[in-house]
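Spelled out from the first residue to the last, the chains are:
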Amino acid sequence: MRLTDFWTSPEWYAYERAVGDEPGTRARLLASATWSTRVLDLSLSEAELWKGVRKSYHSIVNGLEKDHAFAIVRAGDGTVFLRFARDVHRAAAGRVTRAFASWQCQAEWLGRCAECWLAMRRPEPEAIFEPVGFLYAVVTGDTSYYFSAAALEPSVGHALQWHAIKALKAAGVRYYEIGWMNKPDDTDKERAIAFAKAGFGGVDVKLSEVYG
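Residues numbered from 1 in each chain as written. Predicted model: local features only at pLDDT ≥ 70, side-chain atom pairs only at ≥ 80, totals over all residues. Heavy atoms only, no water.

Novice: Mind showing me how you'd approach the layout of surface pockets here?
Specialist: Any empty space left between atoms is shown by rolling a water-sized probe over those atoms. What the largest pocket holds in volume is close to 1,600 Å³. Around the largest pocket sit 47 residues that line it, and Tyr146, Phe147, Ser148, Ile193 and Lys197 are the ones nearest its centre. Looking at the lining of the largest pocket, its residues break down into 25 nonpolar, 11 polar and 11 charged. (1 Å grid on protein atoms, 1.4 Å probe; cavity = no way out; pocket = protein on both sides within 12 Å on 5 of 7 lines; lining within 4 Å. Points joined across faces, edges and corners; volume = space filled by probe spheres on them. Nonpolar A, V, L, I, M, F, W, Y, C, P; charged D, E, K, R; others polar.)

Shown next as structure tokens:
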């Protein structure tokens, strides 16, 4: 298994510069990392993928899929992404967490090497839908990586993740890397995030084996 080479691309180096890192920082870390990352094989059938999702997530996802005041849509271009995703992220975090230039990088990737889905909520029957979450994934060839997400409602992240899995599979993507698992210096919050990621199935693979 070979995962994405995106981390040595000019696009990623531009992002690293935007957030104040030396280009190549992540690639060097991945090559020497001792921990694992969670990877889904999207060649499995949708039924098999759904079976791998933690049972407690099923009712959450099903409930939102049946909610007529909730919808998930594709953010087709960078303008839409910058207009909505940044505001959701800032509201969820309670502050601005990184430079605007990094968001511009992500906006430029859309349609070329990334996809983004927006979770939308209609607060009242006659109101317009408003963004309450997003999920952003890097996509290169038949591999993909869960890059970032934020949500303003409980459980929205679960629906977005399952939607992304189905959309990536439909697009012919083979592998979906959900993210790092259980680094030695993880905080309680990071361990909780790793537990949530594991709830969508897949297997843990050593980062050094797929990026070394």
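Structure shown, so let's carry the discussion forward.
Novice: In this structure, what is going on with helix H1 (residues 10-18)? I would like to understand it.
Specialist: Structural remark: α-helix, 3.6 residues per turn; residues separated by three or four positions point the same way. Taken as a whole, H1 has its buried residues at Trp12, Tyr15, Glu16 and Ala18. Along the axis of H1, the buried residues cluster in a sector spanning 160°; they form a single face. For H1, exposure combined with an orientation more than 90 degrees from the buried face picks out Pro10 and Arg17. Against helix H2 (25-32), helix H6 (100-109) and strand E5 (143-151) lie the buried residues of H1. Taken from the residues just after H1, glycine 20 is the one with a positive phi, measuring 90°. (Buried < 20%, exposed > 50% of the residue type's maximum accessible area, 1.4 Å probe, protein only. Helix = DSSP H or I, 4+ residues; strand = E, 2+ residues; numbered from the N terminus. Arc of directions from axis to C-beta. Contact = heavy atoms within 4.5 Å.)

Novice: Is there a simple way to think about the packing of helix H4 (residues 55-65) against helix H7 (residues 156-170) in this case?
Specialist: To characterise two packed helices, one gives the angle between the axes of the helices and the distance between these axes. It is the contact of H4 with H7, at a shortest axis distance of 9 Å, that shows an interaxial angle of 85°. By the angle between their axes, H4 is roughly perpendicular relative to H7. Two secondary-structure elements touch here, H4 through Tyr57, Ile60, Val61, Leu64 and Glu65 and H7 through Val156, His158, Ala159, Trp162 and Lys166. By residue class, the composition of the contact of H4 with H7 is seven nonpolar, one polar and two charged. (Axes fitted to C-alpha atoms, helices over the stretch in contact; angles between N-to-C directions. Parallel < 35°, antiparallel > 145°, perpendicular 65-115°, else oblique.)

Novice: Whenever I open this one, the sheet that holds strand E3 (residues 114-121) confuses me. Can you help?
Specialist: Across a sheet, paired strands are connected by hydrogen bonds in the backbone, their directions being either parallel or antiparallel. Here we have seven strands laid out as an open sheet, ordered E2-E3-E4-E5-E6-E1-E7, and mixed in their pairing. The two strands at the open ends of the sheet, each matched to only one other strand, are strand E2 (70-74) and strand E7 (203-206). Pairwise comparison of adjacent strand axes, ignoring direction, gives a mean angle of 30° for this sheet. Inspection of the sheet shows E5 paired to strand E6 (residues 175-181) by three bridges, in the parallel sense. For tyrosine 145, the partnering residue across the bridge sits in E6 and is glutamate 177. (Pairing = 2+ DSSP bridges.)

Novice: Looking at this structure, how should I read the nonpolar core?
Specialist: As a rule of thumb, soluble globular proteins bury nonpolar side chains together. Trp7, Phe81, Trp109, Phe134, Tyr136 and Phe147 are the most contacted members of the largest nonpolar core, which totals 36 residues. The residues contacting tryptophan 7, other than those within four sequence positions of it, are Trp12, Tyr13, Arg26, Ala27, Leu30, Tyr145, Phe147 and Tyr211. Counting residues in hydrophobic clusters, the runner-up holds 25 residues, among them Val61, Val132, Val139 and Ala164. (Core = buried A, V, L, I, M, F, W, Y, C linked by side-chain atoms within 4.5 Å.)

Novice: Would you mind showing me how to read unusual backbone geometry here?
Specialist: Residues other than glycine predominantly adopt negative phi, and peptide bonds predominantly adopt the trans conformation. Despite not being glycine, serine 155 has its phi angle at roughly 80°, a positive value. In this fold, serine 155 is placed in the loop between E5 and H7. Take serine 155: its relative accessible area is 26%, and that puts it in the partly exposed class. The phi torsion at asparagine 182 lies on the positive side, around 55°, for a residue other than glycine.

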